[in-house]
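# An overview of the molecular structure
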Amino acid sequence: MKKRTGNKKFIHFHRSSLYKEERREVIKTLKSGWITTGPRTKRFEEEFKKYIGCRHAIGVNSCTAGLHLSLAALNISEGDEVITTPITFPATANVIIHQRGTPVFVDVEMDTLNMDVSKIDERITKKTKAIMPVHFAGHPCNMDKITDIAKRHNLFIIEDAAHAIESIYNGKKIGNIADFTSFSFYATKNITTGEGGMLTTNNDEMAEKARIMSLHGISKDAWKRYGRDGYQHWELFYPGFKYNMFDIQAAIGIHQLKRIDNFLEKRKRYVEMYNDAFKDIPEIVPLKSKGMDEFNPPVSPLSEGGINGGYKIRHAHHLYVIIIRTEELKADRDKIMHEIQLRGVGVGVHFRTLHLQPYYQNKSPLHPPLPKGGTGGFEKGMFPVAEYVSDRVISLPLYPKMTISDVKYVIKVVNDVITRLRK
Ligand SMILES: Cc1ncc(COP(=O)(O)O)c(C=O)c1O
């Protein structure tokens, strides 16, 4: 989509695809008089559950909330170590710290930016309680290997699937494999509710616990409390959180979910255009789709939700990330991004490595120094791949509201900037 700044067009990094059905459902919700967690949240949870093919889906107000709830429900607490990736949004590791646990990072693979599973074993100690993989950009992690490590060491798996609503690994939808999986409906995600998330699990007991914890730790939610069966008192079981999804969010989500296959189909087409355009440019290295080449049927219809639609592995194509080989160019990543933006294309960075952020480097103005050997023990040189990509990744626009000519425009701008900055 284009914004005109003077005579120049501008292609935003992201624009949500919201239509009249979403608007009507929000209005209907407002008119219904029930605007907090209620029938629409329930309906969205049921439909999402069907899409994933899992036993439980709990609507929450963000993916972060879902991740935090997972850790809390699994009793991750003071001193527990959770293995995760430094190439992620801070939320993944923040929630470990909220539980007074310690994030333990492992380096990433250069070609997918997913956790390098061959490096997990060496980071396991007596304190390790869980592994938190992030399916970066929607490329599923090697869940066979992660499940195998988790079984051997008796660890929980909590998937950060913020990018991975449509992802499939080994014939199973993501959301069906781990102890808990948390999805995001943030404004820039594959489908959106503005802010919002969904937590899935196949464990009945954990589902009930997480649901109770998501609404203060009390036993009955408001919808049921004020229902036709007479007033019911709540009981407090846990000092829980205010993480519940509410019906205005769900009103949007219900219609977004119906569009999910169509959206993915479009993004996939744009990914193919980008890949094709950049294949002969040595300074641009797009991320790879591993294990997806042999069999790549069209996106399965929603009616086949929960079933893999014939896919062994499916990429959700949330982001299109390129690694710029800045060593071959006259400019660093930030200068290149600036040049691209000046020429009318919005870009993003996913992600700068967490372990070099001020908090993890004991340089935060908001926090006293952390103990070495724990959360404060991170130094430059510890995760070479993460550090390399941290200074080189750029995310290009990828969303269904773009047109083919927008994609061509992005390609042209990126090519022009790179060509001009060659040594
Ligand atoms: C990898 C990852 N995890 C977690 C989150 C947090 O999602 P939310 O904003 O829904 O809490 C994001 C959001 O950008 C993300 O990219």
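### Considerations on the domain arrangement of the protein
Think of interface size as the accessible area that goes away when the parts come together; that is how it is often given. Taken domain by domain, the protein holds domain 1 (2-14 + 261-352 + 391-420) and domain 2 (20-258). Just the C-alpha atoms count here: the centres of domain 1 and domain 2 sit 26 Å apart. Contacts between the two partners involve 30 residues from domain 1, matched on the other side by 36 residues from domain 2. Buried surface at the junction of domain 1 and domain 2, summed over both partners, amounts to about 2700 Å²; 59% is from carbon and sulfur atoms. Across the contact surface, domain 1 and domain 2 share three salt bridges. Applying the counting criterion to the domain 1 and domain 2 interface returns 15 residue pairs in polar contact (both at pLDDT 80 or more). Elements that contribute at least two residues to the side of domain 1 that touches domain 2 include exactly α9 (260-278) and β13 (320-324). Within the side of domain 1 that touches domain 2, the residues separate by chemical class into 14 nonpolar, nine polar and seven charged.

### Considerations on the sheet that holds strand β7 (residues 156-161)
By way of backbone hydrogen bonds, the strands of a sheet pair with one another, either parallel or antiparallel. Reading across the sheet, the seven strands line up as β3-β11-β10-β7-β6-β4-β5 and stay open at both edges, with mixed pairing between neighbours. Edge positions in the open sheet fall to β3 (56-60) and β5 (102-105), since each of these has one partner strand only. Adjacent strand axes in the sheet meet at a mean angle of 25° when their direction is disregarded. The pairing of β3 with strand β11 (residues 197-201) spans five bridges and is antiparallel. Each residue of the ladder has a partner; that of isoleucine 58, found in β11, is leucine 199. Most of the contacts of helix α4 (residues 90-98) go to β5, to which it runs at about 140°, and overall it touches β4 (81-84), β5, β6 (128-132) and β7.

### Remarks on the site of the ligand
Contacts to the ligand come from 15 residues, most closely from Thr64, Asp160, His163, Ser184 and Lys189. Aspartate 160 places a side-chain nitrogen or oxygen 2.6 Å from a nitrogen atom of the ligand. Within the side chain of histidine 163, a nitrogen or oxygen atom sits 2.8 Å from an oxygen atom of the ligand. In the shell around the ligand, the residues fall into six nonpolar, seven polar and two charged.

### Things to note about the sheet that holds β13
Taken together, the three strands give an open sheet; going across it, the order is β12-β13-β14, and neighbouring strands pair in antiparallel fashion. The open sheet has two free edges, formed respectively by β12 (284-286) and β14 (393-396), since each of these has just one partner strand. Strand-to-strand twist across the sheet, computed as the mean angle between neighbouring axes with direction ignored, equals 35°. Examined bridge by bridge, β13 and β14 share four bridges and lie antiparallel to one another. Bridging across to β14, isoleucine 322 finds its partner in isoleucine 394. Together, β12, β13 and β14 form the strand contacts of α9, whose direction differs from that of β13 by roughly 20°.

### What about helix α12 (residues 404-420)?
Between the first and last C-alpha of α12 there are 24 Å, a value that for 17 residues agrees with the 24 Å anticipated at 1.5 Å per step. Inspection of α12 places Asp406, Val407, Val410, Ile411, Val413, Val414, Val417 and Ile418 among the buried residues, and these make up the whole buried set. Down the axis of α12, the sector holding all buried residues measures 165°, keeping them to one side.

### Re the nonpolar core
Membership of the largest hydrophobic core comes to 38 residues, with the highest contact counts inside it found for Phe48 and Ile120. Only α2 (39-52), α5 (143-153), β7, α8 (247-258) and α9 provide two or more residues apiece to this core. Counting residues in hydrophobic clusters, the runner-up holds 31 residues, among them Leu329, Val413, Val414 and Val417.

### Points about a nonpolar patch on the surface
On the surface, Ile27, Leu30 and Ile35 cluster together into a nonpolar patch covering about 260 Å² of accessible area. Position of isoleucine 27 relative to the elements: it lies in helix α1 (residues 20-32). Among the residues examined, isoleucine 27 registers a relative accessible area of 43% and is labelled partly exposed.

Analysis parameters
Residues numbered from 1 in each chain as written. Predicted model: local features only at pLDDT ≥ 70, side-chain atom pairs only at ≥ 80, totals over all residues. Heavy atoms only, no water. Domains from an automatic or database assignment. Contact = heavy atoms within 4.5 Å. Buried area = accessible area lost by both parts, 1.4 Å probe. Salt bridge = Lys/Arg side-chain N within 4 Å of Asp/Glu carboxyl O. Polar contact = N/O pair within 3.5 Å; in protein donor to acceptor, adjacent residues only side chain to side chain. Helix = DSSP H or I, 4+ residues; strand = E, 2+ residues; numbered from the N terminus. Nonpolar A, V, L, I, M, F, W, Y, C, P; charged D, E, K, R; others polar. Pairing = 2+ DSSP bridges. Axes fitted to C-alpha atoms, helices over the stretch in contact; angles between N-to-C directions. Near = heavy atom within 4 Å. Expected span 1.5 Å × (residues − 1). Buried < 20%, exposed > 50% of the residue type's maximum accessible area, 1.4 Å probe, protein only. Arc of directions from axis to C-beta. Core = buried A, V, L, I, M, F, W, Y, C linked by side-chain atoms within 4.5 Å. Patch = residues over 30% accessible without salt bridge, like charges linked within 9 Å, V, L, I, M, F, W, Y side chains within 5 Å. Areas by Shrake-Rupley, 256 points an atom, 1.4 Å probe, with all protein chains shown as cover.

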